[in-house]
Amino acid sequence: MADSTTTATPSVLDPKGSPAVLCFSTKHSVPCYSFGSPVSSSGEVVFNTGMVGYPEALTDPSYRGQILVLTYPLIGNYGVPDMNVTDDHGLPKYFESRRIHIAGLVVSSYSWDHSHWAAMKSLGEWLHEHGIPGVCGVDTRALTKGIREEGSVLGAIHMGRSVPQSLTFDDPNKRNLVAEVSTKDIVTYGEDNSPTIIAYDCGMKYNIIRYFVTQHKVRLVVVPYSYDLEANAANIQWEGLFLSNGPGDPTMVPETIASVKYALTVGRPIFGICLGNQLLALSAGAKTYKMKYGNRGMNQPCIDLRTGRCYITPQNHGFAVDAESLPTGWKPLFLNANDFTNEGVVHTSYPYFSAQFHPEASGGPCDTAFLFDRFVGHVRKEPQPMQLLSPHTYEQRIIKKVLLVGSGGLSIGQAGEFDYSGSQCIKALKEEGIEVVLINPNIATVQTSQEKGDVSADKVYFLPIRASIVHEIIQKERPDGIIVSMGGQTALNVGIELYNKGILKAENVKVLGTQIPVIEATEDREIFSEKLKEIGETIALSYPARNIPEALEAAKKIGYPVLVRAAFALGGLGSGFASNDAEMTDLASKAFSSSSQILIDQDLRGWKELEYEVVRDASDNCITVCNMENFDPLGIHTGDSIVVAPSQTLTNREYFMLRRAAIKVVRHLGIVGECNIQYALNPRNEQYCIIEVNARLSRSSALASKATGYPLAYVATKLSLGKDLVNIRNSITKTTTACFEPSLDYCVLKMPRWDLKKFQRVSKKLGSSMLSVGEVMAIGRTFEEVIQKACRMVNPALHGLGGKDSNLIDVNDDLETQLRSATDTRLFAVQSALEEGYGVDKIHDLTKIDKWFLRRLHNIKLMREECLTHGESLFKTEGAAERMRSLKMAGFSDLQIGSYINVDPLTVRAWRKELGVIPCVKQIDTLAAEFPAMTNYLYMTYNGLEDDVESHSISLPNASNSSREKFSNRTESMVFRERAISINEEKERVKTKKEQGVMVLGCGAYCIGSSVEFDWCAVSCVRQLRRDGFKSVIVNYNPETVSTDYDESDRLYFEELSLERVLDIYEREGVCGVVVSVGGQIPNNLAGPLASAGVTILGTAAKDIERAEDRQQFSDMLDTLKLKQPAWSVLRSNDEALIFADKVGYPVLVRPSFVLSGAAMRVASTKDQLRRFLDMAAEVSADKPVVVTKFILEAKEIEFDAIATGGQILNYAIGEHLENAGVHSGDATVVLPAQKLYVNTIRQVKRYSSVIAKALKITGPFNIQFMAKGNDVQVIECNLRASRTVPFVSKTLNCNFINLATRAMVGLNPVPYRISLLDIEYVCVKAPMFSFTRLRGADPTLGVEMSSTGEVACFGNDSHEAFLQALLATGFKLPNRTRNILLSIASDVYRKEFTDAAHIFSKLGYNLFGTPGTATHYASKEGLSITTVTKPKDEDDDGTDAEPSTLKVIKEGKIDLFINISEGTNVREEISSGYITRRAAVDFDVSLITNMNCAIKFAECLEKNMQVFTAKHIGEFYKLPTIGWRK
């Protein structure tokens, strides 16, 4: 690149702080930047793994003379409180002494701006005042690993970049540090209290004084460490002796030891903490030793050797007691569960005991504060309760068979996270040798797979999750236990119903884990509130209501605005904010349709929202695994909020205040397993209230598991079997216990993914009811890094976080309005406001988003401006590398930087590598590098200098200028690098390939069109690779998935699926190739750019993928091959498209290229519609072709899924859509094997598919969609990747298509399965799962753009049985309550088609209601008895008492089923009576059918009495007798 020696002016991209260097006695040094006092200092370098509490740690005298490394990378966020604020004893309220005791502070990233109501100054200012150096810009993880491996080391912080020749290192352990920190005078606290306890101040923390004097009301006489107790010159009348914490080597204070020896002869109670533990042991005659690097942090698990209970403790010591040297009469009291060092001693006869940890904490948890109670009780001569092992330890019921209840089809609020939870549960159960029976109709999930050799359920029932069906399975399978906590609210509600009906008790089935009464206590607001009052905790002001008058009365008591929520509902279903009686009545009416009880809550919008994931075992060991803070203030459902872990703006006091409350609540309720507790915290003080407790695995549980590396569902399952946390191993370290609280040395950000644009009239306002369909998780070491990563993950079209650059902001809408109202695009409105010059304070006032977060966004804005202002000159002057690194550390992508400086991204990449700015690979290890990690759970960051894992680097050739140009503006076919390898060479390289490994690209965020089915494909691919001996590397960023379980692959990169990041990983791992065809559209779209960059694409060549994805190229190819397709034309101008439409006749279909789920695909019936849809398609498709095709009405759609190698088909499956063409395949009901296709149609489909496979030289999975009218077959489209129907096909045929495809793609000559579709003796029907109940205002009709959020599938002996079960599995309710069915059918043609179905309903005794035209037709022409109801003119039109409207009869609960067949293929834009009625059916929980074929099929099912059936698991269908095609 250009010369970089030119001097540059200072830039916001230049590192902040003065240059400094951190030197070590090992001659090693690290450059860094000063943010504290500009002085040099030296001492012993130690690390602390705590994530909060830096003011407390820095004033802890035990750190005297030490350079403290904080492993959590974001330090200084909440500033420093006022030291002049004192407690009742005149001690600084927020500190542990009156001065900073460390010799220096080392952090990774310092927060130059802080935000907290209690802060008086920044951390840097505070250090400067006390003359203490602080440095940032250090790879603290690498430093921690070095200390872990080599032991504590001496170091020095030196200002400037040069290292002095004569640098000296002070060893504080050679000094009497206690003498430096001990009081010089005798001080008495609590003069009027009693009894009197002498406290030896060896460096005593102030919180110890508070515990004794404030909480235990003792008179505490604090004496210097050298006070001669035997002489007792001050004549202190003492009744107990306390030995405090302190720094350094305990043998350096013989004066204290002598006094303790004297005290041991007196027989009065003695209690020691930390250094006091060592002093007591030395006085008794034991020995101490210096540890390799000590224990410092807040999460050390210590086992009480009396009871076996394990406690989380804060510690700060470098010396330990040698337990083997304890004399007779002394025993170890506590044991470290991780490194097995001594954590306390006790005398067997006298009241002498000590703890190596800090029961009083500050910072840290106070779980062992009971030791103060015991000591003071001894001093007061009060009888102390005996400590006994819990009898529950031995009360484990033998469990041999378990029924696991799944969550069913994915919906908003209940998505793929429960596939991950269920899969982890099955894994844990199988490890214990337990037979697992699973009920879950979601055929796309990993948990419903039964692969030979894999950990899987023994029996899988693809049936609706209903209490009656689960009961039938219980009677058939006779399980010992049932687990209902891993299947979301669906499973929980079924469990509650079975329990309350007495079925579980009658069948002798034990609920494993948290018991049903406990679950009910958390779900029922009244009971929950009373339970909390019992322990002094409170919820937000809240009242239950069982009818609308009660709801109005509750709102009156609280005062508007209020939050309305349905009890026993998932993801805030049926909830919202009401500001007056009218809004309350409306919301309550809808909420009562899904719940018998609603909750009216105090409005706390603007408060902070926080969550803690809590785990408790039957022995009462209790830990918090993860705490999370919402970016958005309270008022937005946590599923729709950006969530950060760990919390960024909480102090130690707030963090552990909420943790303490969480553990108290969970213990009081009696939860066993995992749960989630949510809080509201006042941003102006420490006031808080509890929002709710989810006594089950929740959406947050999957996020917390991936964020921390702690497998919550796996551990919770083990606990439900009666195991305790202590004896379960940490899944990542393999050596430490699971009874610990993870320390993170990184930051995690979850960002929701919405698909609201797919629905007309949907409100985009975010509130208490969840709207997002998926989420992503970004990992990094700065907030700027993770939020920019997350933006790109959620929307691959984004380059990073931008305002107007995002093209997501409505420039016609008032910006302040966009800021005030929380929507799916408010984050980008905030960024836009910053770019326009709005101040942080003003944006905070409008949004209530914490200023700390806003200042991080402001940093991004400043960096963007710098790039726009100075362009590429930033990287051609002195300091170019630092500026490039600053941008990368803040999460800017190459594409983003290039767009600002007008340079293509591959050039930026080349410059960056030339400057030596490359990302490093870091591990997630749960313990901030304190212990070695045994798994390869990885992420990439520029905020580090050293890789955690060995790399197998390769160098890709720099892309040519032409390929760069085509990458940045792709209007022509891309350039691909051909890699021709002979068959013999390929065979010879198989062994090498296995060693190099294969990279599999996952699915990214779940969205409409890309969901759990692609995760199933990725997992199947990875598992097959491992079976075949290939090293597997997976890249994905979706925390809900099984593929992001670190046990599934050899290396998991929780990373972006972007060209830049995939190239980074490819170069680092040196794999033999990349699989892009199992993760859906996102990885498939990367095939071309990756191939252009020199990456080997395994399977179908990138150029052939483009030929299928590019609508014009594909249509041209079909014409060349003489394969029929609907008449088509490429859009060159709107006028041409209009001429084409006039020529072929309306309707026509607008189809963009390279999109998923039919994005912007529309059927146009008029010229105006066509013009509008062309504009939408051009926007979505960008520079890729938009094709207009003739839309054929009344055609049947056919799915062809297959696996090919070298263009030859190995296996295939043909499914048929129940709905006619015009309904997106993802929303269609699919029948397999096809039941109603002509033999000639099947032949044409097979022949066309073979020709296409050969022409595209397909190797791997592919899917072709056809339409057939009569025997005329035409091609719709071809996807050269796994389709969403592959899991459905694979499980129906009991042949995993992805296993076969994987072997084909890596060149292992796969052998086809023996399949004969005609000989299968059962049918499987896949039905779509919709979430219209959550999408306020959405029209629940189907079209060519996909709108379903999930799918289910059920098996039957024929298509009717399978169809009805699948329909019921989506949550559809049979019309059995009132037996009233409302019909509204658009035209006489459709009415005639529906005649037989109408007669069936009438014959079966259903009462028919109809809109005027429909009712007149069936009454006059068919002689049916049908009641006429009017069509509503608007959303308030109830009609009259004599002639009620459809709206009124639905709202009054008089209708069970609404069948509405409308005209046309598109949702109309105007608000029609049909829309109003359909929307009412959804809002009031009335079953709705909008497709003719489905309605007829449903009627036929009722006629055949298909609702009566026998529950059969999938294995029973597989075993049905057939003719010789089985393997």
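Residues numbered from 1 in each chain as written. Predicted model: local features only at pLDDT ≥ 70, side-chain atom pairs only at ≥ 80, totals over all residues. Heavy atoms only, no water.

A. Broad picture of the pattern of salt bridges. As enumerated under the stated definition, the model contains 93 salt bridges in all. One salt bridge connects Lys533 with Glu530, and the closest N-O pair in it is separated by 3.6 Å. Here the residue Lys533 and the residue Glu530 both occupy positions in helix α14 (residues 525-533), the gap between them amounting to three residues, near one helical turn. Using a relative accessible area of 54% as the deciding quantity, one classes Lys533 as exposed. Each of Lys789, Lys888, Asp894, Arg909, Arg912, Lys913, Glu1055, Glu1060, Arg1061, Asp1064 and Glu1067 takes part in a single network of salt bridges with overlapping partners. (Salt bridge = Lys/Arg side-chain N within 4 Å of Asp/Glu carboxyl O. Helix = DSSP H or I, 4+ residues; strand = E, 2+ residues; numbered from the N terminus. Buried < 20%, exposed > 50% of the residue type's maximum accessible area, 1.4 Å probe, protein only.)

B. Structural detail: the packing of aromatic side chains. Inspection of the entire model under this criterion finds 46 aromatic pairs. Summarising the aromatic geometry, the rings of Tyr612 and Tyr679 are spaced 5.8 Å apart at their centres and angled 90° between planes, so their arrangement reads as edge-to-face. Here the residue Tyr612 occupies a position in strand β31 (residues 608-616), and Tyr679 occupies one in strand β34 (residues 673-681), the gap between them amounting to 67 residues. Take Tyr612: its relative accessible area is 0%, and that puts it in the buried class. Since its relative accessible area comes to 0%, Tyr679 is described here as buried. By the ring-pair criterion, three or more aromatic residues cluster together here, those being Tyr211, Phe212, Phe242, Phe271, Phe353, Phe372 and Phe375. The ring centre of Trp238 lies 4.4 Å from the NZ or CZ of Arg268, which sits over that ring. Between the NZ or CZ atom of Lys290 and the centre of the ring of Phe319, over which it lies, the distance is 5.7 Å. (Phe/Tyr/Trp six-rings, centres within 6.5 Å; stacked < 30°, edge-to-face > 60°. Lys NZ or Arg CZ within 6 Å of the ring centre and 35° of its normal.)

C. Region of interest: the environment of Val1245. Examined against the element boundaries, Val1245 turns out to sit in helix α37 (residues 1239-1255). On the basis of relative accessibility, which here comes to 0%, the residue Val1245 falls in the buried class. Considering only alpha carbons, one finds Val1245 and Met1267, 22 residues apart in sequence, at a separation of 9.5 Å. Discounting residues that sit within four places of it in the chain, Val1245 has contacts with Ile1198, Phe1200, Ile1214, Phe1266 and Val1273. (Contact = heavy atoms within 4.5 Å.)

D. Representation of the environment of Gly916. Relative to the assigned elements, Gly916 resides in the loop between α27 (905-914) and β38 (920-923). Note: C-alpha distance between Gly916 and Thr307 (609 residues apart in sequence) is 55 Å.

E. Here's a closer look at the sheet that holds strand β27 (residues 542-545). Taken in spatial order, the four strands line up as β27-β30-β28-β29 in an open sheet, and their pairing is antiparallel. Of all the strands in the sheet, just β27 and β29 (576-578) have a single pairing partner and so form its edges. The mean angle between the axes of side-by-side strands here comes to 30°, regardless of whether they run parallel or antiparallel. Relative to strand β30 (residues 598-602), strand β28 (residues 562-566) is paired through five bridges, and the arrangement is antiparallel. Bridge pairing links Val564 to Ile600 in β30. Most of the contacts of helix α16 (residues 581-592) go to β29, to which it runs at about 150°, and overall it touches β27, β28, β29 and β30. (Pairing = 2+ DSSP bridges. Axes fitted to C-alpha atoms, helices over the stretch in contact; angles between N-to-C directions.)

F. Broad picture of the pairing of strand β48 (residues 1186-1190). With four of five residues buried, β48 is to be regarded as a mostly interior element. Of the pairings in the sheet, the one linking strand β46 (residues 1148-1152) to β48 comprises five bridges and is antiparallel in character. Pairing of Val1150 across the sheet is with Val1188, part of β48.

G. Structural detail: the sheet that holds strand β59 (residues 1457-1461). Ordered by their spatial adjacency, five strands build an open sheet running β58-β57-β56-β59-β60, and the pairing between neighbours is parallel. Of all the strands in the sheet, just β58 (1426-1428) and β60 (1487-1489) have a single pairing partner and so form its edges. Strand-to-strand twist of the sheet, defined as the mean angle between neighbouring strand axes without regard to direction, takes the value 25°. Sheet analysis places strand β56 (residues 1380-1385) next to strand β57 (residues 1407-1410), joined by four bridges and oriented parallel.

H. Inspection of the state of the cysteines at higher detail. Evaluation of the coordinates by the stated rule reveals zero disulfides. Cysteine Cys1072 is unpaired, with the sulfur of Cys1021 as its nearest cysteine sulfur at 11 Å. Judged by its relative accessible area of 10%, Cys1072 falls in the buried class. (Disulfide = S-S within 2.5 Å.)

I. Looking closely at the packing of helix α31 (residues 1059-1069) against helix α32 (residues 1081-1092). Between α31 and α32, the shortest axis-to-axis distance is 10 Å and the interhelical angle comes to 60°. With respect to their mutual orientation, α31 and α32 come out oblique. α32 is crossed by α31, and the crossing has right-handed handedness. The segment α31 lies against α32, with Leu1059, Val1062 and Leu1063 engaging Leu1086, Pro1089 and Leu1090. Per-class residue counts for the contact of α31 with α32 are six nonpolar, no polar and no charged. (Parallel < 35°, antiparallel > 145°, perpendicular 65-115°, else oblique. Left-handed = near helix turned anticlockwise from the far one by under 90°. Nonpolar A, V, L, I, M, F, W, Y, C, P; charged D, E, K, R; others polar.)

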